[in-house]
Structure formats: structure tokens, C-alpha cells
Amino acid sequence: MTDTVAAHVLVVDDDPQIRQLLQEYLQTNGLRVSAVAHSIAMTELLSKETIDLIVLDLRLAGEDGMTVARKLR
């Protein structure tokens, strides 16, 4: 028997309903999911956790998603 570790996905979206919907959908499909509302929380989480994929809202309040993506790159 092999042990598999679910991929860890980070959802970054300032809309709580969309964030919850994405989180529930991804968890239902066997993924480990963390969800945050803004880039500051994302940065804090990235310093503590290994993330395999980020689902990033391009129209975040404050710092837009494209700026955040460029910083991540």
C-alpha cells in the first residue's frame, strides 16, 4: 500500500463566498486547501507551508492579483 499526500492548494480571494466555494470544491476532490483573503495573509502562509498550487483572484482589493503574481514569480 502506498501513502499519497494530497496536493496543497492555496486559494487567495477577497470574496468570502467565492473563497468558500472554491475551498469546498477542491476539498471534495481530495485536495488539501488553505484559503486567505489577501496577499499579506498569503505571504504569511507561504512562509510556513509548502504550497503546490495557488488559485489567485486577479481583482483583489488593495494589491491586484497581477502584481501579486509578478512578486511570486
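In what follows, the structure referred to is the one given above.
Rules of the game
- Residues numbered from 1 in each chain as written.
- Predicted model: local features only at pLDDT ≥ 70, side-chain atom pairs only at ≥ 80, totals over all residues.
- Heavy atoms only, no water.
- Helix = DSSP H or I, 4+ residues; strand = E, 2+ residues; numbered from the N terminus.
- Buried < 20%, exposed > 50% of the residue type's maximum accessible area, 1.4 Å probe, protein only.
- Contact = heavy atoms within 4.5 Å.
- Areas by Shrake-Rupley, 256 points an atom, 1.4 Å probe, with all protein chains shown as cover.
- Lys, Arg positive; Asp, Glu negative; His and termini not counted.
- Charge placed at Lys NZ, Arg CZ, Asp CG, Glu CD.
- Pairing = 2+ DSSP bridges.
- Axes fitted to C-alpha atoms, helices over the stretch in contact; angles between N-to-C directions.
- Core = buried A, V, L, I, M, F, W, Y, C linked by side-chain atoms within 4.5 Å.
- Right-handed = clockwise from strand over helix to strand, strands pointing away.

> Any chance you could break down the overall build of the chain for me, citing the residues and the numbers?
In terms of helices and strands, the chain carries three helices and three strands. Listed by position from the N terminus, the elements making up the chain come as β-α-β-α-β-α. Looking at the chain residue by residue over its 73 residues, the buried ones come to 29%. Counting only contacts in the chain whose residues sit at least 6 apart along the sequence, the fraction spanning at least 24 positions is 60%. With an accessible surface of roughly 5300 Å², the chain has 53% of that area assigned to carbon and sulfur atoms. Computing the positive centroid from 7 side-chain charges and the negative centroid from 11, the chain places the two 7 Å apart.

> Residues and numbers for the sheet that holds strand β3 (residues 53-56), please.
By definition, the strands of a sheet pair up through backbone hydrogen bonds, in either a parallel or an antiparallel sense. Strand order across the open sheet formed by three strands is β2-β1-β3, with parallel pairing between neighbours. With one partner strand each, in any of the chains shown, β2 (32-36) and β3 form the two edges of the open sheet. In this sheet, neighbouring strand axes are inclined to one another by 20° on average, regardless of whether the strands run parallel or antiparallel. As judged from the five bridges shared by strand β1 (residues 8-12) and β2, these two strands associate in the parallel manner. Bridge pairing in β2 places valine 11 opposite alanine 35.

> Describe the nonpolar core, naming the residues involved and giving the relevant values.
Residues Leu10, Val12, Val36, Ala41, Met42, Leu45, Ile51, Leu56, Leu60 and Val68 constitute the largest nonpolar core, which totals ten residues. Where this core is concerned, the elements lending two or more residues are β1 and α2 (39-48). If one sorts the elements of this core by residue count, α2 sits on top with three residues. Excluding anything up to four places from it in sequence, isoleucine 51 contacts His8, Leu10, Leu45 and Leu46.

> Go over the pairing of β1, please, and point to the residues and values.
Most of β1 sits inside the fold, with five of its five residues counted as buried. Burial of the side chains of β1 extends over both faces: His8, Leu10 and Val12 are buried on one face and Val9 and Val11 on the other. Handedness of the crossover joining β1 and β2 through helix α1 (residues 16-28): right-handed. In this structure, β1 lies alongside β3, joined through four bridges in parallel fashion. Considered in β3, the bridge of valine 9 is made with leucine 53.

Structural measurements only, silent on function.
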